[in-house]
Amino acid sequence: MNYFLITMLCIMAILLCSVALLYWRQHRFIQQLTHSLQLQLLNQDSFNVDSASTSTSLKPLINVLHDLHQSSIFSTERDKLTGLANRVGFKRKMLSKMPMSDGMLVLIDIRQFRFVNDLFGFLFGDKFLKAFAKRIDNLNCKAQFIARMNGNEFLLFFHQKLTVEQLLEIKSELQRPFEIEQQPISIKIQLGVLSLSEHHAEVSLMLRRLDLALKKAKTLKQAMAFYDQDDDKAQYRELLIINGLPKGLKQNQLFMVFQPKLDLKSGHCKQVEALIRWQHDSLGLISPNEFIPLAEQTGMINILSTWVLDNVLAQQVKWRNTGVYVNVAINLSSTDLDNPNLAADVASKLAQYLVPAESITIEITESVLMKSLAQTIVTLNQLRDIGVKLAIDDFGTGHSSLAYLRHLPVDEVKIDKAFLDEFETSPAAKQIVKTSIDLAKNLGFEVTVEGVESKTVLEALHHFGVDTIQGDYFAKPFTASEFEHIYPQLNYPLISSAQINQP
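Described in the following lines is the structure provided in the data block. All of these numbers come straight from a predicted model, not from anything done at the bench. (Residues numbered from 1 in each chain as written. Predicted model: local features only at pLDDT ≥ 70, side-chain atom pairs only at ≥ 80, totals over all residues. Heavy atoms only, no water.)

This part covers the sheet that holds strand β7 (residues 224–226). Here five strands make up an open sheet; going across it, the order is β2-β3-β1-β6-β7 and the pairing mixed. Looking along the sheet, the strands with just one partner apiece sit at the ends: β2 (145–150) and β7. Neighbour-to-neighbour, the strand axes of the sheet open up by a mean angle of 20 degrees, direction not taken into account. Two strands pair when backbone bridges link them, and strand β1 (residues 104–110) and strand β6 (residues 189–195) are joined in this way by seven bridges, in the antiparallel orientation. Its bridge partner lying in β6, Leu107 is registered against Gly192. Here helix α8 (residues 203–219) sits on the sheet and contacts β1, β2, β3 (153–158), β6 and β7; the angle it forms with β6, its principal contact strand, is near 140 degrees. (Pairing = 2+ DSSP bridges. Helix = DSSP H or I, 4+ residues; strand = E, 2+ residues; numbered from the N terminus. Axes fitted to C-alpha atoms, helices over the stretch in contact; angles between N-to-C directions. Contact = heavy atoms within 4.5 Å.)

The next point concerns unusual backbone geometry. One non-glycine residue, Lys221, lies in positive phi territory at about 55 degrees. Relative to the elements of secondary structure, Lys221 occurs in the loop between α8 and β7. Lys221 sits in the exposed class, given a relative accessible area of 76%. One non-glycine residue, Glu422, adopts positive backbone phi at about 65 degrees. Within the element layout of this structure, Glu422 appears in the loop between β14 (412–415) and α17 (427–442). The class of Glu422 is exposed, set by a relative accessible area of 54%. (Buried < 20%, exposed > 50% of the residue type's maximum accessible area, 1.4 Å probe, protein only.)

Under the definition given, this model contains one cavity of 30 Å³ or more. Every residue lining the largest cavity is listed: Arg87, Leu107, Met149, Glu153, Leu155, Leu207, Leu210 and Asp211. Every element with two or more residues in the lining of the largest cavity is listed here: β3 and α8. The element best represented in the lining of the largest cavity is α8, accounting for three residues. Considered class by class, the residues forming the lining of the largest cavity number five nonpolar, no polar and three charged. (1 Å grid on protein atoms, 1.4 Å probe; cavity = no way out; pocket = protein on both sides within 12 Å on 5 of 7 lines; lining within 4 Å. Points joined across faces, edges and corners; volume = space filled by probe spheres on them. Nonpolar A, V, L, I, M, F, W, Y, C, P; charged D, E, K, R; others polar.)

As a further point, take the layout of surface pockets. One number sums up the size of the largest pocket: a volume of about 1300 Å³. Lining the largest pocket we find 46 residues, and of these Glu273, Leu275, Ile292, Asn331 and Asp393 sit closest to its centre. In terms of residue count, the dominant contributor to the lining of the largest pocket is helix α11 (residues 301–321) (seven residues). Class assignment of the residues belonging to the lining of the largest pocket gives a composition of 18 nonpolar, 14 polar and 14 charged.

Here we come to helix α18 (residues 455–464). Taken as a whole, α18 has its buried residues at Val457, Leu458, Ala460, Leu461 and Phe464. Seen end-on, α18 carries its buried residues on one side only, within an arc spanning 165 degrees. Where α18 is buried, its residues contact β8 (254–263), α17, β15 (446–450) and β16 (468–470). After α18 finishes, the residue Gly465 shows a positive phi value of roughly 95 degrees. (Arc of directions from axis to C-beta.)

Set out below in structure tokens:
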């Protein structure tokens, strides 16, 4: 009996020791696993656990953790298409190496990549991007880290500062023709470059500066551009302009001026062009050539266009009540023409102010007109149906097809002032202007010429059959009150028939 009891106690002791040992081993393993996961997540390493020291019961857990690691880290910090790091992965990698004051960042943009997708399809485009990523990885000048930042932008980090010659060599290597599915593809790239020794900062600021360098290359239409401290100043000015636009509208910092046009047949001022101006409280007078493109890019052009239309129509009411009857020309942007309800919106405004439709003309730049011609023609017909007059601005600068030009539902074309360069000194320049006028007249359009600054030019244009001229020789832009005051003086024959050389 005593022997049996002793045996049982020994067995129980062995079992308890085995359980304790197993518990201790598993507890120790879980501690090691936790520590390993923390290190691997911090350093973006792949998930690796020593399977030899892992019990069979824990292997399902390891497999699940491995899958979880792959699904989360890979998807959030890796580009699934190319296998490169994405923007998030790049920032984490850079943060782990901070502070960084040496080396160079190079941002590569594949110009007009969307045309590859449009022409050959997205599957083809994906194969091209994989090939492009592989070529970057195999550059002679090896990058220490590569990331795909978005659809057609790749970022390279180099430990050492590269020379201009090395950068041009990289550009040349990457622009070598590709062959995808037996289809040759030629591309052009642009580079934005940031030298860390000169412009190191925290990661987000360095990325912003790199974007500014690439933006500069695109704006200047250059193959490569380096970040410069003045680029920050330019962006800061743009931010001030965009952020200040709603405030400027509320505080009447923006205002309209009106440049009179001379009708050459009657010698009277029958139309003015409404031009927007902005007297910023800290930046001074800002050109519309600067703030209108920014408004278009940031989606604020709609509120600006609505403000212009309201101001022009309200001014028309005031002028008509004082006996000033002129047509006012308003410029529209490409975004305005994309609005399918544009004609209805204009008609609603005309009804609100009780202003007749024929008292305004809407001018559309020729280059904008040609971007989406079919839809634009529909919109123009709708505007014409409500009685609004239509004009093509900058005629001759947009490379429009003559086959389409005859179908445009417009009343007037405005020949750009650029055509008057060397008008008085070059017979060829004068002939180009005359031919443009003849073309427009033969198509049934009224013709206005902008930028007239001398009597000699005015007389020649009158001889060519131009209907209206606009320019400083006749009148500069006026504020509404100034125009109302000078309006009576503008209505007299500027040129008599005796002053015009007969053919």
